[in-house]
Amino acid sequence: QVQLVESGGGLVQAGGSLRLSCAASGRTFSNYAMGWFRQAPGKEREFVAAISWGGGITDYADSVKGRFTISRDNAKNTVYLQMNSLKPEDTAVYYCAARTRTTVPVSRTGYDYWGQGTQVTVSA
C-alpha cells in the first residue's frame, strides 16, 4: 500500500506559476512510476504528466508540454509538478498517482494508488 498526499495548490493569476508536491509513504518510492492527473468541474479526469521510477523518462499531455515539468526526489519520497505560464483552463483538482514498476517506464494508464487531490484555480 502506498499513501500519497498532494500539496501546493492554490489561487494564481493567469501567467503565474505554482509547484505541486506529492509526498509518498508506505512502500519503496523508487519502485513506482508516478503521474499527475487533473479533473476540471464537469469533465473527466485527464492525464497531465508522468515520470519513470528513476526520473530519467517523462511524458506530458500536449496541453501542458513546454509549460509544466514533472520531477521526483527519491531520497525525499516526493514527486513535483512545476507549472508555469498557467492558464484559466488549467483550473482543476490535481491528483498524483503511483504505478507499480513494470517493464513500461512511463504510462498514462494503469495507476494503482491515488492521492486526495489539491485544487488549482487560475484566474483570468
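Residues numbered from 1 in each chain as written. Predicted model: local features only at pLDDT ≥ 70, side-chain atom pairs only at ≥ 80, totals over all residues. Heavy atoms only, no water.

Quick look at the pattern of salt bridges
We count it as follows: Here a salt bridge means any side-chain nitrogen of Lys or Arg lying within 4 Å of a carboxyl oxygen belonging to Asp or Glu. Helical segments are the DSSP runs of H or I of at least four residues, strand segments are the runs of E of at least two, and each set is numbered from the N terminus. Only protein chains enter the accessibility calculation, which uses a 1.4 Å probe; a residue whose area is less than 20% of its type maximum is buried, one above 50% is exposed, and one in between is partly exposed.
Tallying each qualifying case throughout the model produces five salt bridges. Across the pair arginine 108 and aspartate 59 runs a salt bridge, and its minimum N-O distance is 2.7 Å. Taken together, the residues arginine 108 in the loop between strand S9 (92-100) and strand S10 (113-114) and aspartate 59 in strand S6 (residues 58-60) connect sequence positions 49 residues apart. For arginine 108, a relative accessible area of 41% corresponds to the partly exposed category. For arginine 67, the salt bridge is made with aspartate 90, and the minimal N-O distance between the two is 2.7 Å.

What about the pairing of strand S7 (residues 68-73)?
Residues in a regular strand point their side chains to alternate faces of the sheet. Defined as follows: Pairing between strands requires that DSSP locate at least two bridges from one strand to the other.
With burial as the criterion, only one face of S7 is covered, namely that bearing Phe68, Ile70 and Arg72; the residues Thr69, Ser71 and Asp73 on the opposite face remain uncovered. Taking the residues that link successive antiparallel strands as the turn, the S7-strand S8 (residues 78-83) hairpin has four residues, and the phi of asparagine 77 there is positive, at about 55 degrees.

With respect to the pairing of strand S4 (residues 32-39)
Most of S4 is tucked away: seven of the eight residues are buried. Bridge count between S4 and S9: eight bridges; the pairing is antiparallel. Considered in S9, the bridge of glutamine 39 is made with valine 93. Relative to strand S5 (residues 46-51), S4 runs antiparallel, the two being bridged by five bridges. In the sheet register, tryptophan 36 faces S5, and the bridge partner there is alanine 49. Remark: six residues form the turn of the hairpin made by S4 and S5, two consecutive strands paired antiparallel; glycine 42 in that turn has positive phi of roughly 75 degrees.

Some thoughts on the side chain of serine 52
Rules: For this analysis, residues touch if any pair of their heavy atoms sits within 4.5 Å.
With respect to the secondary-structure elements, serine 52 resides in the loop between S5 and S6. Leaving out residues up to four positions away in the same chain, serine 52 has contacts with Ala33, Ile57, Arg72, Pro105 and Val106.

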